Each structure stands twice: as structure tokens, then as C-alpha cells.
Amino acid sequence: MATDVKANAKTKGPKLPVIMTANDLLDGEVVFLTREGWSFDPHAALIADDAETAAWMEEEGRAGFKANRIVDPYLVPVERAADGFPVASHFREAIRQKGPTVLPQYGKQADF
């Protein structure tokens, strides 16, 4: 799939830049791939601007799945906010980044 990822191109894969997201296997929380592993913090997400980095991210997703650390890893197209924060382009993914929509003043969604 990462070989299909191209900046500003119409392909089967997502448009660059992308981040990788998944769910933590033990508690179901949304996690984001960083250079050091998986994080609950969307600010820490590694952003891939090229197909090679996206391919590495997919490999890490497969490895995390095989190690029973995460489930359902996939690439998400993002845009960078002024502060560098990766903002998901799709509505569903933006909700996943912020956390549950119930009582947004509590939990991780209050921090992000």
C-alpha cells in the first residue's frame, strides 16, 4: 500500500502526509505511531511525507499487530496545523484523535 502513496496523486493509498493509528489491544484506546513506538498522544505521532517512511510505518503496524500490542493499524491522511500538530483530514479520524465525544471537558480530549 505504501508504494501507492504519492503526494497529490490519485492512487489507491492515502494522500501524503500521513500518520499511522491503531487501537491498543489491552484497553482499546486509540494510539499513534512514533519513532519510539506507540503513544496515546496525537501530538507525538510521526508524520510521513514520503512513501519510504509510510512503508516503514506499515511495517511497524504489522509488527505491532503480530506482537499483540495493537489492532487495526492503518495510515491516516493529515494536514499540519500552524503548530505542527497533525490534523486528520477525515471527520471520523479527527474524532478518533480527540477521543470520545461524551463530556469532552474530561479525559484526553480535554488535553488535545
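You'll find the structure just up there.
A quick note: this is a predicted structure, and the numbers were derived from the prediction, not measured.

*Asks:* For the nonpolar core, give the residues involved together with the corresponding values.
*Replies:* Among the nonpolar cores identified, the biggest contains 13 residues, and Val18, Met20, Trp38, Met57 and Leu75 are the most heavily contacted of them. Contributions of two or more residues to this core are made by β1 (18–24), β2 (30–34), α1 (51–66) and β4 (70–80). Membership of the second largest hydrophobic core comes to 10 residues, among which are Val30, Phe32, Ala45 and Val76.

*Asks:* Residues and numbers for the sheet that holds β4, please.
*Replies:* Sheet strands pair by backbone hydrogen bonding; their relative direction is either parallel or antiparallel. Reading across the sheet, the five strands line up as β3-β2-β1-β4-β5 and stay open at both edges, with antiparallel pairing between neighbours. Looking at strand neighbours, the two that pair on one side only are β3 (37–39) and β5 (86–88), the edges of this open sheet. Direction aside, the axes of adjacent strands within the sheet are offset by 50 degrees on average. Two strands pair when backbone bridges link them, and β4 and β5 are joined in this way by three bridges, in the antiparallel orientation. Bridge pairing links valine 78 to alanine 88 in β5.

*Asks:* Run through helix α2 (residues 91–98), naming residues and quoting values.
*Replies:* Within α2 the residues assigned to the buried category are Glu93, Ala94, Arg96 and Gln97. Looking straight down α2, one finds that the buried residues subtend no more than 160 degrees of arc, so they occupy a single side.

*Asks:* Run through the side chain of threonine 53, naming residues and quoting values.
*Replies:* Inspection of the secondary structure assignment puts threonine 53 in helix α1. Of the residues examined, threonine 53 reaches a relative accessible area of 13% and is grouped as buried. Setting aside residues up to four positions removed in sequence, threonine 53 forms contacts with Arg35, Leu46 and Ala48.

*Asks:* I'd like a description of the environment of asparagine 23, backed by residues and values.
*Replies:* By the element assignment, asparagine 23 lies in strand β1. Sequence separation of asparagine 23 and tryptophan 38 is 15 residues, and the distance between their C-alpha atoms is 9.8 Å. The residues touching asparagine 23, leaving out its near neighbours within four places in the chain, are Gly28, Glu29, Val30, Val31, Arg69, Ile70, Val71 and Arg96.

*Asks:* I'd like a description of the pairing of β1, backed by residues and values.
*Replies:* Burial analysis of β1 places seven of its seven residues in the buried class, which makes it a mostly covered element. In terms of strand pairing, β1 meets β4 through six bridges, oriented antiparallel. Directly across from asparagine 23, in β4, lies its bridge partner valine 71. Taken together, the three bridges between β1 and β2 define a ladder with antiparallel strand orientation. Paired with asparagine 23 across the bridge in β2 is valine 30. The antiparallel hairpin formed by β1 and β2 contains five residues in its connecting segment, where glycine 28 sits at a positive phi of about 80 degrees.

What counts, and where the lines are drawn
Residues numbered from 1 in each chain as written. Predicted model: local features only at pLDDT ≥ 70, side-chain atom pairs only at ≥ 80, totals over all residues. Heavy atoms only, no water. Core = buried A, V, L, I, M, F, W, Y, C linked by side-chain atoms within 4.5 Å. Buried < 20%, exposed > 50% of the residue type's maximum accessible area, 1.4 Å probe, protein only. Helix = DSSP H or I, 4+ residues; strand = E, 2+ residues; numbered from the N terminus. Pairing = 2+ DSSP bridges. Axes fitted to C-alpha atoms, helices over the stretch in contact; angles between N-to-C directions. Arc of directions from axis to C-beta. Contact = heavy atoms within 4.5 Å.

Bear in mind that shape data such as this cannot, by itself, settle questions of function.
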